[in-house]
Amino acid sequence: MTGQSVEVTLLGNTQDGGYPQVGCLKDCCMKVRGNVSLSRMPVSLGLKGADGLTHMVEASRMMSQQFDLWNSLGAVSWPPSSFTLTHAHLGHIDGLGLLGREVMGLRGVRVHCSDSMSRLLRKTPSWNIMIEQGVIDLDIWIPGVPFEPSVGCGFTITAIPIPHRSELSDNHALIIRGKSKSLLFMPDQDSWEETIIEDIGIVEWLNRMDIDIALIDGTFWDYDEISSRDITEIPHPPVTETLDRLGAKKNGDPDIEFTHFNHTNPLLEMNSVQSKKLLSMGWGISEQGGVYRL
Ligand SMILES: [Zn+2]
Ligand SMILES: [Zn+2]
Ligand SMILES: [Zn+2]
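The structure contained in this document is the topic of the report that follows.

Procedures and definitions
Residues numbered from 1 in each chain as written. Chains lettered and ligands numbered in written order. Predicted model: local features only at pLDDT ≥ 70, side-chain atom pairs only at ≥ 80, totals over all residues. Heavy atoms only, no water. Helix = DSSP H or I, 4+ residues; strand = E, 2+ residues; numbered from the N terminus. Rg over C-alpha atoms; globule rule 2.2 N^0.38 Å. Buried < 20%, exposed > 50% of the residue type's maximum accessible area, 1.4 Å probe, protein only. Contact = heavy atoms within 4.5 Å. Donors = N, O, S within 2.8 Å, 3.2 Å for Na, K, Ca; no water. Pairing = 2+ DSSP bridges. Axes fitted to C-alpha atoms, helices over the stretch in contact; angles between N-to-C directions. Salt bridge = Lys/Arg side-chain N within 4 Å of Asp/Glu carboxyl O. Tetrahedral: all angles 85-135°; square planar, octahedral: opposite > 155°, others 65-115°.

Attention shifts here to the overall build of the chain. If you tally the helices and strands in the chain, you get 10 helices and 13 strands. Taken over C-alpha atoms, the radius of gyration comes to 18 Å for the chain, in line with the 19 Å a tight globule of 294 residues would show. Along the longest, intermediate and shortest principal axes, the C-alpha atoms of the chain span 50 × 45 × 35 Å. Among the 294 residues that make up the chain, the fraction classed as buried is 54%. For the chain, the share of sequence-separated contacts (at least 6 apart) that also reach a separation of at least 24 residues comes to 70%.

At 2.2 Å from the zinc ion (ligand 3) lie its protein donor atoms, namely His 87 (NE2), His 89 (ND1) and His 164 (NE2). All donors to the zinc ion (ligand 3) come from one chain, and their sequence spacing reads H-x1-H-x74-H. Separating the zinc ion (ligand 3) from the zinc ion (ligand 1) is a distance of 3.5 Å. Taken as a pair, His 87 in the loop between strand 4 (82-84) and helix 3 (90-93) and His 164 in the loop between strand 7 (156-161) and strand 8 (172-177) lie far apart in primary sequence, 77 residues in all.

Our next topic: the sheet that holds strand 11 (residues 255-259). An order of 7-8-9-10-11-12 is seen for the 6 strands of this open sheet, with the pairing classed as mixed. The sheet is open, and its two borders are formed by strand 7 and strand 12 (284-285), each paired with just one other strand. Relative to strand 9 (residues 182-186), strand 8 runs antiparallel, the two sharing 4 bridges. Within strand 9, the position partnered with Leu 174 by the bridge is Phe 185. On top of the sheet, helix 9 (residues 239-246) reaches strand 10 (213-217) and strand 11; it is set at about 170 degrees to strand 11, its chief contact.

Before going further, it helps to examine the pattern of salt bridges. For the structure on display, the rule yields 12 salt bridges. The partner of Glu 198 in a salt bridge is Arg 208, and the shortest N-O contact between them spans 2.8 Å. Of this pair, Glu 198 sits in the loop between helix 6 (192-195) and helix 7 (202-208) while Arg 208 sits in helix 7, and the two are 10 residues apart along the sequence. On the accessibility criterion, Arg 208 (49% relative accessible area) is partly exposed. As a salt-bridge pair, Lys 249 and Asp 255 come within 2.5 Å of each other at their nearest N and O atoms. Residue Lys 249 is classed as partly exposed on the basis of its relative accessible area, which comes to 30%. Since its relative accessible area comes to 37%, Asp 255 is described here as partly exposed. Look at the salt bridges and you will find they share partners, linking Arg 110, Asp 137 and Asp 139 into a network.

Another point: the coordination of the zinc ion (ligand 2). Binding of the zinc ion (ligand 2) to the protein goes through Cys 24 (SG), Cys 28 (SG), Cys 29 (SG) and His 263 (ND1), at separations of 2.1 to 2.4 Å. Around the zinc ion (ligand 2), the 4 donor atoms sit at angles spanning 101 to 126 degrees, and that spread fits a shape best called tetrahedral. Of note, the zinc ion (ligand 2) draws all its donor residues from one chain, in the sequence arrangement C-x3-C-C-x233-H. Here His 263 lies in the loop between strand 11 and helix 10 (273-280) and Cys 28 lies in helix 1 (residues 27-30), a separation of 235 residues in the sequence. Under the relative-accessibility criterion, Cys 28 is labelled buried at 17%. For His 263, a relative accessible area of 11% puts it in the buried group.

Have a look at this one:
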């Protein structure tokens, strides 16, 4: 099997709440409620290494359905050899318990995370017991230093600190670097000003990290979708701002796709005016089940 390309599959493209969101009786969710083909899961990546072994990024409560999706796109070796976690907000970690004795009963699953996340896991009883029982085995990364989740997987992961409300843990974007391409996974950030400290544009920032494909925070199309309360409590740069900063895609620019959509985001509908505008500028809308070869 060695020598195959590394495959990244997007196993969900919504914000932590998924789509439809529990309790939302507005049009956005009522029109898809009960229709499995239109519903969408929280962001997560399935990584298939050159050796055929699998790894996951994020541990969502929808892991069962995400496995079904991944498996339907090609036989998947299960359980995954490792999980890599960006931060501790609900949808990124609420499926971790599925690895434990109540469900899969796994042993020695590598969990790659930051030092701050590891401290949270140790001080939370329901997660700490999984460490004590040997279900998970924490591996703390050094930000900026690439690591190989397993020998022979054919790719590395590099964690980049990204400011994002850190009540529980810090937050990182991940660079997944294969032999021929590199993908940036950055589902959450508070603002571009805090993410890119230097006076450079988004494309230049990505180019300096040698990124070919970037999956970036597209939580809200604009602030009209949400109440003023949410803007201060859950800051994300709206897609409209990101598009203003980017302008139209130029030859040689990396492929940028938006992801982590809130249930209110018109980008969830490929035919919306907003989706058409974004696509006409040359940028992309990530799709659940999308596959990227590195
Ligand atoms: Zn999130
Ligand atoms: Zn809704
Ligand atoms: Zn978050």
